[in-house]
Amino acid sequence: MTMCFADICQPLFSEACDSPLVSNLPQSAFRSSSQLSNSHGPGYAKLNRRDGAGGWSPLVSNKYQWLEIDLGERTEVTAVATQGRYGSSDWVNGYFLMFSDTGHNWRQYRQEDSIGAFSGNTNADSVVMHKFQQPVFTQFLRVLPLDWNPNGRVGLRLEAYGCRYKSDVVSFEGTSYLLFRTTGPSTRNLLSMNFKSRHNTGILMHVEGQHGQTLTLELLKGKLFLHLRKGTLQWRGTSGDFHTTASSGSLLDDQHWHRVTMEHLRGRVNFTVDKTTMLFFHKISFGGVPAVGSEHSRRNFHGCLENVLYNDVNVIEMARDQQLSIMGNVTFSCPETVAMPVTFASPESFLRLPWEAARDGLAVSLQLRTWNKVGLLVTFDLRHQAGTLWLYLSEAKLRLQIIKAGRVTADMAAGMALNDGQWHSVDLSTQRDRLVLAVDKADTFTTTTSLPVMPSSHIFLGGTISPIQRSCSTQHMNGMGSEQPVLCLLHARCSPSHCEHGGKCTQAWSTFHCNCSSTGYAGATCHSSIYEPSCEAYKHQGNTSGFYHIDVDGSGPIKPQLIYCNMSDKAWMVIQHNNTELTKLRASSGISQHLAHFNYSADTEQLGALITQAEYCEQELSYHCKKSRLLNTPDGAPFTWWVGRLGEAHTYWGGALPSSQQCACGLQDDCAEPARFCNCDSDLDAWANDSGVLSHKDHLPVRLLAVGDINRPGSEAAYRVGPLQCYGDKDFWNAAYFNKETSYLHFPTFHGELSADISFFFKTSSSSGVFLENLGIKDFIRIELSSPTEIVFSFDVGNGPFEVRVETPMDLNDERWHHVRAERNVKEASLHVDHLPGARQKAPADGHIHLQLNSQLFVGRRGFLGCIRTLKLNGNTLDLEERANITPGVRPGCPGHCNTYGGLCQNQGHCVERHNGFTCDCSVSAYTGTFCHKEVSAYFRPGTSVTYVFRELSGNASTQSSYLYSDLSLRGENVSLSFSTSQTPALLLYVSSYHREYLAVFLNRNGQLDVKYKLQSNKEAEVFRSNTRNLANGQLHRVSIRRHAESLSVQVRQILPSCQMSDKSSELDPEIARLNSLGFTGCLSVVQFNAVAPLKAALLYPHTSTVTVSGTLTESNCGSSSSSSPYAAETTHSLLGKAGQFPVVNAISSDSALIGGVIAVVIFVILAALAIMARFLYRRKETCPTQEPKGVKSEDSPETLFSNDPNSQGVINDNQKEYFI
């Protein structure tokens, strides 16, 4: 892993190192686990040789065999090649490669930090070579066959390639160090070394500069930390230290060599573990810190350093020649440790140690390191059948139990968090009837036993707990020990961490886990953002105005930001700062300039990305002045200026063009003085102002405002800088239309080596086709539509083709937009389509992890016809439209969004196509808002009324615009309104004609809903009465009335908020007139009669000729709705005038009534969250006294609220129908 504190990381290159190392070795340099015969011995295992039996073969072919080579001295090994045994059917298909300096402490060579196995041969004669990604410095090599020809045996010939390696070594015992003084500064400083540690903590190097700069390289719990302190900084009268800490590596106390490089270049530092780095210092100490003049008190290093080079100066060689200071006991060799850790790599792994029964006491000491919370350490049967002792890990604590016949006779616990990957010591001893357990020499527990604790015959290390004792633990101990004599094979799977975006990495023996909580990202490696990239994207999910997290670059490095989205006809992002209010300034003789800094809710990087992605941005900038000049036009130096996002100063004002040094009035040529370009530059002793919006995106937002002319007597000023507002998302609608089966787009190679996320929208009529494809030599990545109901995400990173499939219940070639999201990382691959359940496939635990591609990225291939838009790869959007403009067979953009998004338009709103997206036309809806979702509500008081007059069409009216007016006999109505009141009785709705036919909806004195209909003037009115509870309870209720000819349906929904309303009428039925004379106070909302929304017209367009408002009418939010409960019932009522002859559907008997022996009514009662009350008074007469032309109506204008066709024209009759509210 490389960590850079600089802009660049420069690799170091060495000379060619590829000489054969094995062919000239004597036979004594070869060892093996066994040999089939003398002619099959290890000394014959040389590449391309036919001596003996033509190679090495063990006595038994299994995974416990090995071939070892002693290179004679530490050597740099860069490649290895293998062959099978000559003239036979014996070869090795795969193998592990181990290396060691001593022949005892072995370490496995791993590719890509995860691949341990090398592929071998497929016949006896061909040579398979593997070049190492990083060279190995070792004296001993060991090959462990994994697979071989099933029709033969293990057979092997081998060659290693490399070159001689010079090694200068120094050893420190924990109190010693070397002190090296540099000659002076240079422009570039490079320091490199290898280290091998016996302890997990210690200072490898400490550096002190001339001006208090220090750098410390410290090993702490097996990790390497770089502490950089740049001394004391003076800033505006304050002082402080700039201190940076970085860490890299893990388990570096494994008694193997690790390489560290640091490079310092013009104040920049690169820090690398097991690769490269840079640095400059004045005084350097190796192996520890001087006791005097140092701020560090940490432990000095206990271990070995090798080849310490500072700017090509060999520090160890200088120490050997006594050319630098040596403090303490330092030796120029590196002794090997005696302890030999081993690995328990599987549940079946264990060691059985014999026990001498003659011993009187028990003393077991061991050290362990593991990532697992549970696992068996030691177990043995006690003498005299006294039970069994179990020593194991449980929840990362050490637990000891003695169990006899299912009963626990002793139970002890010690230590905690022992699964941290560090070495922990365990000591178990007995003294007569006392049992002592200690962890890390400090955490000690003692208990007494009735019988001596002594093994009967054997002690077992590792393994699994007996099924009888499965309640103690069901897992094995993965920590130390192995069938093979190798060093501890514990792997640090969290260093480097594959968890992205601040995800916390934890690991077990064979895998790791990323905790993505509170990061804003999800997935196995916290790679994919859980948020949308813009307000535009949230809008097209049906979201209304509110605060949303915006992640402008998806899986990229820019953090998500909480931003307010104002969903109107456009989706505006509103980014606030610390001072959006009008700020007043008065003259002050001691202040020549006022500086105002503006801190935004998003940081500079986020702001830049949001503004770049938006289609349009603006920010209000206003200045109110009294004897305070602004830009000092036309020729003077500006008194006031502002600074934009990139730190540049600007002297133009809101509403003017960049670099013009003008205000809006100067651009419009209407300033107070024609000779000046700003109103405030007239320097009047009266208030004036210059206001406008800044809209040049490259200059936004305003970060600083400097106001200058405020120090003269009588000067006054006030300024306001509004929030930054942007709309649109250039990426969201970036689309390409593929209209030929052979057409495609191509882009540069996709680089997603460890993590790759791909997302896009598509719509097609094709049954198959490739959306995206990128190839390598062997690797590839592809997303395709394999059938109308299946999408396949496939790739190969070297482990063979890998596929993730999602099948959908519906066809995807339906010419509607569908969303595809695919992700591949080192742990898994996933695929999601729309909102359907996704599919996931786990990656191999120790497989290849790097995706290596080299061809161009192709978009739209193999017969794909249709559209692709918003194509993002690892957070970067591909510009499909730009490439489509220059590609035959592909067109930029893609129409037809209403097929997909039209359903977002609610409450009879109509979807209207746009080039980039769609809008909802709410002209025929009683609602307003982005999706026709916002209820139009008003508060009524006694004396308040709304009169709406319908105008009937004359004979020459357009038939296309006569939907509302053609049914003059009114054979049916759809009426809806919402109300709340505490008043009884109360009139809610009245519809009447000049022929005294009417419909009335009211609450009777018991608060129950009554519907009164009179459809023929020569017959009595019929009343439908519900048995619902009292509706005059101050809660909100919604009423829907539907009549078609003689069939009537009434529905009531109850909602929790409360609200009230009132109105008056004349020429009413006597009973209705009596109710109306009582007046009304309350709230009315979403009033609609067929395609007419009279209340919406009264509130939004009160000056139209069709609406008359009397009294005080106030808009209110009392109609804010919430979802209703599912309880509902409906009856279809017959108005035929014959008792017992009417159809009833879904009737609930408790809400049904037969009034006058003729009419049956069932009321829907549904719990919801809406608050409204309404009353309509309707008049109609079929006469045509006058005519006037009717103009063309614009979208959502007052006129189009009441016409089915917003573009209708015709001649209408005046003064014929009206509503009173």
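Shown above is the structure to which this text applies.
One structure accompanies this document, and this report is about it.

Thresholds applied
Residues numbered from 1 in each chain as written. Predicted model: local features only at pLDDT ≥ 70, side-chain atom pairs only at ≥ 80, totals over all residues. Heavy atoms only, no water. Helix = DSSP H or I, 4+ residues; strand = E, 2+ residues; numbered from the N terminus. Buried < 20%, exposed > 50% of the residue type's maximum accessible area, 1.4 Å probe, protein only. Areas by Shrake-Rupley, 256 points an atom, 1.4 Å probe, with all protein chains shown as cover. Pairing = 2+ DSSP bridges. Axes fitted to C-alpha atoms, helices over the stretch in contact; angles between N-to-C directions. Disulfide = S-S within 2.5 Å. Patch = residues over 30% accessible without salt bridge, like charges linked within 9 Å, V, L, I, M, F, W, Y side chains within 5 Å. Salt bridge = Lys/Arg side-chain N within 4 Å of Asp/Glu carboxyl O. Core = buried A, V, L, I, M, F, W, Y, C linked by side-chain atoms within 4.5 Å. Phe/Tyr/Trp six-rings, centres within 6.5 Å; stacked < 30°, edge-to-face > 60°. Lys NZ or Arg CZ within 6 Å of the ring centre and 35° of its normal.

**A look at the overall build of the protein**
The helix and strand inventory of the protein stands at 9 helices and 86 strands. Residues classed as buried in the protein amount to 55% of the 1221 residues present. For the protein, the computed accessible surface area is about 53400 Å², with 49% contributed by carbon and sulfur atoms.

**So, the sheet that holds strand E25 (residues 350-354)**
With antiparallel pairing, the 6 strands of this open sheet are ordered in space as E25-E34-E27-E28-E29-E30. Among the strands making up the open sheet, the edge pair consists of E25 and strand E30 (407-414). Strand after strand, the sheet turns through a mean of 15° between neighbouring axes, direction not considered.

**Observations regarding the state of the cysteines**
Counted according to the given criterion, the structure contains 14 disulfides. Between Cys 494 and Cys 505 runs a disulfide, and the two sulfur atoms are separated by 1.9 Å. When the S-S torsion is -75°, as for the bridge of Cys 494 with Cys 505, the disulfide is left-handed. Of this pair, Cys 494 sits in the loop between strand E34 (458-462) and strand E35 (504-507) while Cys 505 sits in strand E35, and the two are 11 residues apart along the sequence. Residue classification places Cys 505 among the partly exposed positions, given a relative accessible area of 21%. Disulfide partner of Cys 617: Cys 726, at an S-S distance of 2.0 Å. On the sign convention where negative means left-handed, the S-S torsion of about 110° between Cys 617 and Cys 726 marks this disulfide as right-handed.

**Observations regarding a nonpolar patch on the surface**
Together, Leu 36, Leu 59 and Val 60 make up a nonpolar patch on the protein surface, roughly 240 Å² of accessible area in all. If you trace the backbone, Leu 59 turns up in the loop between strand E3 (30-32) and strand E4 (67-83). Judged by relative accessible area, Leu 59 falls into the partly exposed class, the value being 48%.

**Here's the deal with the environment of Trp 390**
The residue Trp 390 is located in strand E28 (residues 388-394) in this model. Once the C-alpha coordinates of Trp 390 and Leu 376 are considered, the two residues, 14 residues apart in sequence, prove to be 7.6 Å apart.

**Notes on the nonpolar core**
As a rule of thumb, soluble globular proteins bury nonpolar side chains together. Counting residues in hydrophobic clusters, the biggest one holds 47 residues, and the most contacted among them are Tyr 623, Trp 653, Leu 705 and Leu 724. For this core, the secondary structure elements donating two or more residues are helix H2 (535-539), strand E39 (546-550), strand E40 (561-567), strand E41 (571-575), helix H3 (604-613), strand E44 (616-626), strand E48 (704-707) and strand E49 (716-727). In terms of residue count, the dominant contributor to this core is E49 (5 residues). One finds Phe 771, Leu 772, Leu 851 and Leu 878 within the second-largest nonpolar core, a separate group that totals 40 residues.

**A word on the pairing of strand E68 (residues 937-940)**
A regular strand carries its side chains on alternate faces of the sheet. Across 4 bridges, E68 lies against strand E77 (residues 1082-1089) in antiparallel orientation. Looking at the pairing, Ala 938 lines up with Leu 1084 of E77. Alignment of E68 against strand E79 (residues 1114-1116), held across 3 bridges, turns out to be antiparallel. Among the inter-strand pairings, Ser 937 is bridged to a residue of E79, identified as Ser 1116.

**What about unusual backbone geometry?**
The step from Leu 700 to Pro 701 runs through a cis peptide bond, and the omega angle for that step is 0°. Of note, Pro 701 is situated in the loop between strand E47 (688-694) and E48. A cis geometry characterises the amide bond from Thr 984 onward to Pro 985, with omega recorded as -15°. Structurally, Pro 985 is set in the loop between strand E70 (972-980) and strand E71 (986-992). Residue Asp 683 is not a glycine yet carries a positive backbone phi of 60°. By relative accessible area, Asp 683 is classed as partly exposed at 26%. For Gln 908, which is not a glycine, the phi torsion comes out positive at approximately 70°. Relative to the helices and strands, Gln 908 is located in the loop between helix H6 (898-901) and strand E64 (910-914).

**Here's the deal with the sheet that holds strand E56 (residues 802-807)**
As summarised here, the arrangement of the 6 strands in space is E51-E60-E53-E54-E55-E56, forming an open sheet in which the pairing is antiparallel. With partners counted over all chains shown, the strands left at the sheet margins are strand E51 (745-747) and E56, one partner each. Geometrically, the sheet is characterised by an average inter-axis angle of 15° between neighbouring strands, direction not taken into account. Across 4 bridges, strand E53 (residues 769-775) lies against strand E60 (residues 857-861) in antiparallel orientation. Looking across to E60, one finds that Leu 772 is bridged to Val 859.

**Some thoughts on the environment of Ser 1026**
For Ser 1026, the position within the fold is in the loop between strand E74 (1022-1025) and strand E75 (1036-1044). Put simply, Ser 1026 and Leu 1009 are 17 residues apart on the chain and 5.8 Å apart in space, counted from C-alpha to C-alpha.

**Observations concerning the packing of aromatic side chains**
What describes a pair of aromatic rings is the distance from one ring centre to the other and the angle between the planes of the rings. Within the structure shown, the criterion is met by 27 aromatic pairs. Plain terms: the ring middles of Trp 733 and Tyr 901 are 6.1 Å apart, the flat faces sit at 85° to each other, and that makes the pair edge-to-face. With Trp 733 in the loop between E49 and strand E50 (735-738) and Tyr 901 in helix H6, this pair connects stretches of sequence that are 168 residues apart. As far as the burial class goes, Trp 733 and Tyr 901 line up, both buried. Within the aromatic cluster, the residues linked to one another by ring pairs are Phe 732, Trp 733, Phe 761, Tyr 901 and Phe 918. Here the guanidinium or amino end of Arg 869 rests over the ring plane of Phe 761, the centre of that ring lying 4.1 Å away. Its guanidinium or amino end placed over the ring of Phe 747, Arg 883 lies 4.7 Å from that ring's centre, counting from NZ or CZ.

**Regarding the pattern of salt bridges**
Under the defined criterion, the tally for this structure stands at 28 salt bridges. Among the salt bridges present, the one from Lys 441 reaches Asp 427, with a minimum N-O distance of 3.0 Å. Of this pair, Lys 441 sits in the loop between strand E32 (434-439) and strand E33 (443-448) while Asp 427 sits in strand E31 (residues 424-431); the two residues are 14 residues apart in sequence, bridging distant segments of the chain. In this structure Lys 441 comes out as exposed when scored by relative accessible area, which is 63%. Since its relative accessible area comes to 17%, Asp 427 is described here as buried. Across the pair Asp 569 and Lys 570 runs a salt bridge, and its minimum N-O distance is 3.8 Å. For Asp 569, a relative accessible area of 52% gives the class exposed. The network of salt bridges with common partners includes Arg 74, Asp 101, Lys 196 and Glu 306.

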